[in-house]
Amino acid sequence: MAYQPSQGEFVPAEQHRYVLTNFRIAHEKVEQQRVQLQEQEEQVAQLRARITTLEGKEGSSIVGGVGRNQGGTSVDDWSIKNTASKLEKLVNRWAADVIRAPPTPLNVIRDVILTDLLGNSPPDDSEASPMLVQSLLRHAMAETISEGVINCLIVTSSSEANVQLTRIHEHLFARDPTVAGVWRRQTFSAAVETCSPAMSQQLLAETMPGLARLFTSETGVLSPSVAQLLDAAYGFSRMLHGSGAGSAVGADTFYRAFVPELGSVLYPRQVELIKRCLKSESNLADHVGSTVFPGLVKVSKGPTGPDGNPDMIQTVVRRAQVICACALAPRTSVVQAGSDALSSAGSS
């Protein structure tokens, strides 16, 4: 018996062509989407390569005992605190060496530092104790590291150019911290490798001119110990400002240093006492005798404010290392002068 196919197994030729046409159109659309996805992947790869170039991915080097990040090397708050502690020990050792073999009488060193810090330090014929002078030396170096090295982006050997670059970064950071972070890392990837003795002498002369004269020879050469110390501080600054976006620091984060003024009130959230304070233990107000190492503040982008610009959040990463006035027992005029300076600044 012959097989009799049913009519349901056949479709009209017009319907068959319609199905084939729709299938071809669907296949073409799938192919277009595949090509588009492939192009997007290529664009993403190009963007990643561009970001890597901007961040200046390079290896890190060690100069003066301080780790330096050449662009995108990861850095976190713990590494920053650890490196800051090493730099603090270098400052303390330098100050102790100066006290053991002072280039000039201790009274002269004390008066020179106070004049650099306060501007109009009254003359004092009393004998300066080694502990007082050593603490003032550490305070002077903390001021130099804070204002001359960390808070000023040192990219070139020209101080004028560095000031202009710092202003550019501040302008970018106020508008878009992420863009400022990429710009900063790209800039530091081409920065000078080390802080030369000539640059160190210039930094010290700008922040502490009297102290710079004490440690500069007749031929205009800065003391090697001071130059090495400032070079180590520059390495610490590069680690802070040259960290990559992939680190824990983040692409929209910036570090600044601060040094409490002589005679200012002690704020526990900002300072950490390295010696016992009898007044604080008795719940009495005390003042800053000296700052032996600056504190560090992490500035990051916060929520958008009413004006449309993001608010800046400041977080103390490492408190300033301070000796209180009662433990240091400085001159009364120093504390009073610092308090008067703070009062006039607050009223203005």
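Residues numbered from 1 in each chain as written. Predicted model: local features only at pLDDT ≥ 70, side-chain atom pairs only at ≥ 80, totals over all residues. Heavy atoms only, no water.

## A closer look at the overall build of the protein
Okay, step 1: Of regular secondary structure, the protein possesses 12 helices and 8 strands.
Okay, step 2: Residues classed as buried in the protein amount to 43% of the 348 residues present.
Okay, step 3: Partitioning the intrachain contacts of the protein with sequence separation of at least 6 by distance along the chain shows that 73% fall at a separation of at least 24.
Okay, step 4: Here the protein displays about 18800 Å² of accessible surface, and carbon together with sulfur accounts for 54% of that area. (Helix = DSSP H or I, 4+ residues; strand = E, 2+ residues; numbered from the N terminus. Buried < 20%, exposed > 50% of the residue type's maximum accessible area, 1.4 Å probe, protein only. Contact = heavy atoms within 4.5 Å. Areas by Shrake-Rupley, 256 points an atom, 1.4 Å probe, with all protein chains shown as cover.)

## Quick notes on the sheet that holds strand 4 (residues 271-273)
Okay, step 1: Sheet architecture is open: 3 strands sit in the order 4-8-5, paired in mixed fashion. Looking at strand neighbours, the two that pair on one side only are strand 4 and strand 5 (288-293), the edges of this open sheet. Within the sheet, the average angular offset between the axes of one strand and its neighbour, ignoring direction, is 40 degrees.
Okay, step 2: Where strand 5 lies against strand 8 (residues 320-324), 4 bridges are found, and the strand directions are antiparallel. Looking at strand 8, one finds that Phe293 is bridged to Gln321.
Okay, step 3: Seen against the sheet, helix 2 (residues 77-100) touches strand 5 and strand 8 and runs at an angle of roughly 115 degrees to strand 5.
Okay, step 4: Along the sheet, helix 4 (residues 130-150) contacts strand 5 and strand 8; its crossing angle with strand 5, the most-contacted strand, is approximately 60 degrees. (Pairing = 2+ DSSP bridges. Axes fitted to C-alpha atoms, helices over the stretch in contact; angles between N-to-C directions.)

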